[in-house]
Amino acid sequence: LPFSSLYIGTAEGSELGAALKRNIRALGSTKLTDAPQEAQAIFTAIGEAREKNILSLSGTGRVREFQLRYRFAYRVHDLKGREFVPPTEIILVRDISFSDERVLAKEQEEVLLYRDMQNDMVQQVLRRLAAAKIEG
């Protein structure tokens, strides 16, 4: 990453925030700080949301497919107000079939899909952080 030190500002208990910190520590080149004042750059989570929408219905009006959406918005800046990454939103979408006969299995599949989407989201955020430009 192009930052020597970074503060990650995500909601307390955020799984995505924890995964992001884990991945940045694994890279080893950027120090994570406990306070924004100590960091060269500040990563601020603007919003995170999971959505589930009906995609299709059967002839009898039962749900056949859902669309899962995972949205994450963030920005990276410093204390002087310079933007390294302007406010950015990433949206991931997955479709999942549904069956009344296999409700528990489908709920478990949904949990796994959201976990996969979260891992994908972390990787996308890291790639975008790596591409950030720091001007002297």
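Everything below is about the structure shown above.
To keep things clear, this report deals only with the structure shown in the data block. All values reported here derive from a predicted model rather than from experimental measurement.

1. Describing the pairing of strand 3 (residues 41-57)
Line of reasoning, step 1. One ladder, built from four bridges, connects strand 1 (residues 5-9) with strand 3; its direction is parallel. Paired with Tyr7 across the two strands is Ile42, which belongs to strand 3.
Line of reasoning, step 2. Where strand 3 and strand 4 (residues 63-77) come together, 14 bridges link them in antiparallel fashion. Bridged to Lys52 within strand 4 is Leu68.
Line of reasoning, step 3. Counted between consecutive antiparallel strands, the loop separating strand 3 from strand 4 contains five residues, among which Gly61 sits at a positive phi close to 85°.

2. Details of the layout of surface pockets
Line of reasoning, step 1. Taken as a whole, the largest pocket holds about 190 Å³ of empty space.
Line of reasoning, step 2. If you go around the largest pocket, you meet 15 residues; those closest to its centre are Tyr7, Ile8, Thr10, Lys21 and Thr33.
Line of reasoning, step 3. Breaking the lining of the largest pocket down by element, the ones donating at least two residues are strand 1 and helix 1 (15-27).
Line of reasoning, step 4. If you tally residues by element for the lining of the largest pocket, the top one is helix 1, at four residues.
Line of reasoning, step 5. Within the lining of the largest pocket, the residues separate by chemical class into six nonpolar, five polar and four charged.

3. With respect to the side chain of Ser5
Line of reasoning, step 1. Of note, Ser5 is situated in strand 1.
Line of reasoning, step 2. Overall, the relative accessible area of 10% leaves Ser5 in the buried class.
Line of reasoning, step 3. From its side chain, Ser5 meets the backbone nitrogen of Gln40 in a polar contact 2.8 Å long.

4. Thoughts on the nonpolar core
Line of reasoning, step 1. Judged by nonpolar contacts, the single largest core of 30 residues is most densely connected at Phe43, Val76 and Val125.
Line of reasoning, step 2. At eight residues, helix 2 (residues 103-130) tops the list of elements feeding residues into this core.
Line of reasoning, step 3. Setting aside residues up to four positions removed in sequence, Val76 forms contacts with Phe3, Ala41, Ile42, Phe43, Arg82, Glu83, Phe84, Val85 and Leu129.

About the thresholds
Residues numbered from 1 in each chain as written. Predicted model: local features only at pLDDT ≥ 70, side-chain atom pairs only at ≥ 80, totals over all residues. Heavy atoms only, no water. Pairing = 2+ DSSP bridges. Helix = DSSP H or I, 4+ residues; strand = E, 2+ residues; numbered from the N terminus. 1 Å grid on protein atoms, 1.4 Å probe; cavity = no way out; pocket = protein on both sides within 12 Å on 5 of 7 lines; lining within 4 Å. Points joined across faces, edges and corners; volume = space filled by probe spheres on them. Nonpolar A, V, L, I, M, F, W, Y, C, P; charged D, E, K, R; others polar. Buried < 20%, exposed > 50% of the residue type's maximum accessible area, 1.4 Å probe, protein only. Polar contact = N/O pair within 3.5 Å; in protein donor to acceptor, adjacent residues only side chain to side chain. Core = buried A, V, L, I, M, F, W, Y, C linked by side-chain atoms within 4.5 Å. Contact = heavy atoms within 4.5 Å.

That's the geometry; what it means functionally is another story.
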